[in-house]
Amino acid sequence: MLDAPCLEHLAPFRVSPLPEIHFGCQTLARLPALIARHGRRVLLVTGRRSFIDSPRWPELQAALRELGVAWEHVSVTGEPSPGLVDEIVASHREAGIEVVVAIGGGSALDAGKAVAGLLRTGTSVMDHLEGVGRGLPYPGPAVPLIAVPTTAGTGSEATRNAVLSMPGPEGFKKSFRDDQLVARVAVVDPDLLAGCPAAQLAANGMDALTQLLESYVSTGASPFTDALAWSGMQAFQRGFWSVMEGKPEGRPDLAYASLISGITLAQAGLGSVHGLASPLGAFFPAPHGVVCGTLLAEATATNIAALRQQATNDGALRKYARVGRLLAAVPEREDPEACDALVATLRDWTRRLAMPRLRTFGMQESDVPRVVAHARGGSMATNPLVLSDEALTDLLASRL
C-alpha cells in the first residue's frame, strides 16, 4: 500500500516538550496535591513579596503540613544571576529536594528552573550558559519543577530556558536551555494577577504581545504555532485593556495570552525586539517587559518597511496585516492599510501606557553601536528578515 502523499502546504515541524498545564481560576488549590505527587521534600522559590505577603502563602504552608510535605524556601529579588543560582544550588544540594516549585514572575520562574536543573548534576550554571559559559552539554537529570506564574507576560512556565543576567558595562543576559528544564507542571491561575501593580501588568502584557507577534511572523513558525499565537492574540485583544482598566473579568484572557506566548516562543523563536532586549537588559537596568513595550511598535514598523522594500517575505506581511485588522479593529482593511493600522495602534498603546524611553535607563546615543553589535545572536535569527545595522540603529535611536 502506498503512503498517503504529504500535503505540500504543511512543512515539517517539531513540537518541543510542554508541561502538564492546569489553567483556570482557583487552580492554585491543586498545587499542594501536585507537589505531593512529585515528592515529600520541596524547595519553594518565590519572588520577594507579592505571593509571600498574600493570604495564599500561609494557606499553602498549612496544606503542605497536612500532606506531610517538608519545605525549604528562598526568595529571588530582581533578575537572577548565575551566581545566585549557584548559591541556591550549593545551599540545597544535600537537602534531598525532590521537587522545586517556582511561584512568581519571570525572574522567580527562571531561577527555579535553573536551580531544578542543577540540584542533581554537580555542575555550575556557567558550565552550560549559552554564549558565555564553558560550552559543556547539560547532562541532567533535572529535579521535577512546578511553575506557578503570578504575572502575565514572560510565559516562562512553558519554556525550556532560564534567562540569567550579569548586569553592567561588560554584562550579559543569556539562557540556560535544555528540554529537560521544561516544567513538569504549570499551574496558571488568573486570580493571582489580582496583586499585580498597573505598571507591571502593562510591561508584562506588552512582553506577552511581543512574544505572540514575533513568534507568529518568525521564520520558525509552523501551522501549529500559528494557530496558538493567533488564539493568544485574540485573547490579548479581549483581556489586556480590560485588566488595565481594573476589570477582573479580563484576567483569564490575559493569563491565557501569556501562557500561549511562552509555548509559541519555545516552539517558533522570536525576533528583533528580543534580539535587542538581550543586550539592553545586560548593559542597562531596564526591565525586560519595559524594553519589549518601548520597542515593539518601532520594531514592527522597521520590519514592515524592510519587508516591503525587499519583497522577500510576503507571508510575514500578510500575517502583520491580519494582526493589524485584529488589534486595530479594522476588519475590512486591505493588507497595506492593515499593516499601517497595526503600527499606528502599537504606537498609540506605547503612548497610552507611558512606556519609558531608553534614556530613562542611562542609554546614550554613543551606546547604540555596542547594543547593535551584541544583538545578532539568539532571537534575532528568527526575525522574518535580516535587518541591517543601520535599520537597528535607527530603531534604537527612535526610542532614546
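These remarks concern the structure in this document. Just so we're clear, the structure is a prediction, and the values are computed from it rather than from any experiment.

Let us now look at the sheet that holds strand β8 (residues 185–188). Strand order in the open sheet formed by six strands is β1-β8-β5-β4-β2-β3, and the pairing between neighbours is parallel. Edge positions in the sheet fall to β1 (20–23) and β3 (70–76), since each has one partner strand and no second. Each strand of the sheet is rotated relative to its neighbour by a mean of 15°, with strand direction disregarded. Direction of pairing for strand β2 (residues 41–47) relative to strand β4 (residues 99–104): parallel, over a ladder of five bridges. Paired with Val42 across the two strands is Val99, which belongs to β4. Here helix α3 (residues 82–92) sits on the sheet in contact with β2 and β3, set at roughly 160° to β3.

It is worth spelling out the pattern of salt bridges at this point. Evaluation of the coordinates by the stated rule reveals 18 salt bridges. Taking the shortest distance from any N to any O, the salt bridge between Arg160 and Asp179 comes out at 3.4 Å. One end of the pair, Arg160, is in the loop between β5 (145–149) and β6 (161–166); the other, Asp179, is in the loop between β7 (172–177) and β8, and 19 residues separate them in sequence. Judged by relative accessible area, Asp179 falls into the partly exposed class, the value being 24%. For Arg308, the salt bridge goes to Asp340, with nearest N and O atoms at 3.1 Å. Of the two residues, Arg308 sits in helix α9 (residues 288–310) while Asp340 sits in helix α11 (residues 335–352), which places them 32 residues apart along the sequence. Owing to a relative accessible area of 38%, Arg308 belongs among the partly exposed residues under this scheme. Linked by salt bridges that have partners in common, Arg14, Arg160 and Asp179 make up one network.

Glancing now at the packing of helix α5 (residues 198–217) against helix α8 (residues 272–283). Two elements in contact, α5 and α8, have axes whose closest approach is 9 Å; the angle formed by their N-to-C orientations is 130°. Comparing the axis directions of α5 and α8 gives the class oblique. Two secondary-structure elements touch here, α5 through Asp207, Thr210, Gln211 and Glu214 and α8 through Ser272, Val273 and His274.

Moving on: the nonpolar core. Counting 78 residues, the largest nonpolar core has Leu209, Met233, Leu276, Leu280, Leu295, Met363 and Leu396 as its most contacted members. Counting residues per element, this core draws most heavily on α9, which supplies 11 residues. Apart from residues no more than four positions distant in its own chain, Leu396 is found in contact with Leu276, Leu280, Leu295, Leu358, Met363, Val368, Val371 and Val372. With 31 residues, the next largest nonpolar core counts Val115, Leu129, Phe172 and Ala183 among its residues.

This structure, assessed with the given rule, holds 10 aromatic pairs. Plain terms: the ring middles of Phe236 and Phe240 are 4.7 Å apart, the flat faces sit at 15° to each other, and that makes the pair stacked. In this pair, Phe236 and Phe240 both sit in helix α6 (residues 223–244), four residues apart, roughly one turn of the helix. The same class applies to Phe236 as to Phe240, namely buried.

This part is about the environment of Val243. Within the secondary structure, Val243 sits in helix α6. On the basis of relative accessibility, which here comes to 8%, the residue Val243 falls in the buried class. It is 9.8 Å that separates the C-alpha atoms of Val243 and Gly205, two residues lying 38 residues apart in sequence. Excluding its chain neighbours within four sequence positions, the residues that come into contact with Val243 are Leu201, Gly250, Arg251 and Leu254.

Another aspect to go through is the packing of α6 against helix α7 (residues 251–268). As a packed pair, α6 and α7 sit with axes 7 Å apart at the nearest point and diverge in direction by 150°. Comparing the axis directions of α6 and α7 gives the class roughly antiparallel. The handedness of the crossing between α6 and α7 comes out as left-handed. Residues Phe224, Thr225, Leu228, Ala229, Ser231, Gly232, Ala235, Phe236, Arg238, Gly239, Phe240 and Val243 of α6 touch α7, and the partners they reach there are Arg251, Asp253, Leu254, Tyr256, Ala257, Ile260, Ile263, Thr264, Gln267 and Ala268.

Criteria and thresholds
- Residues numbered from 1 in each chain as written.
- Predicted model: local features only at pLDDT ≥ 70, side-chain atom pairs only at ≥ 80, totals over all residues.
- Heavy atoms only, no water.
- Pairing = 2+ DSSP bridges.
- Helix = DSSP H or I, 4+ residues; strand = E, 2+ residues; numbered from the N terminus.
- Axes fitted to C-alpha atoms, helices over the stretch in contact; angles between N-to-C directions.
- Contact = heavy atoms within 4.5 Å.
- Salt bridge = Lys/Arg side-chain N within 4 Å of Asp/Glu carboxyl O.
- Buried < 20%, exposed > 50% of the residue type's maximum accessible area, 1.4 Å probe, protein only.
- Parallel < 35°, antiparallel > 145°, perpendicular 65-115°, else oblique.
- Core = buried A, V, L, I, M, F, W, Y, C linked by side-chain atoms within 4.5 Å.
- Phe/Tyr/Trp six-rings, centres within 6.5 Å; stacked < 30°, edge-to-face > 60°.
- Left-handed = near helix turned anticlockwise from the far one by under 90°.

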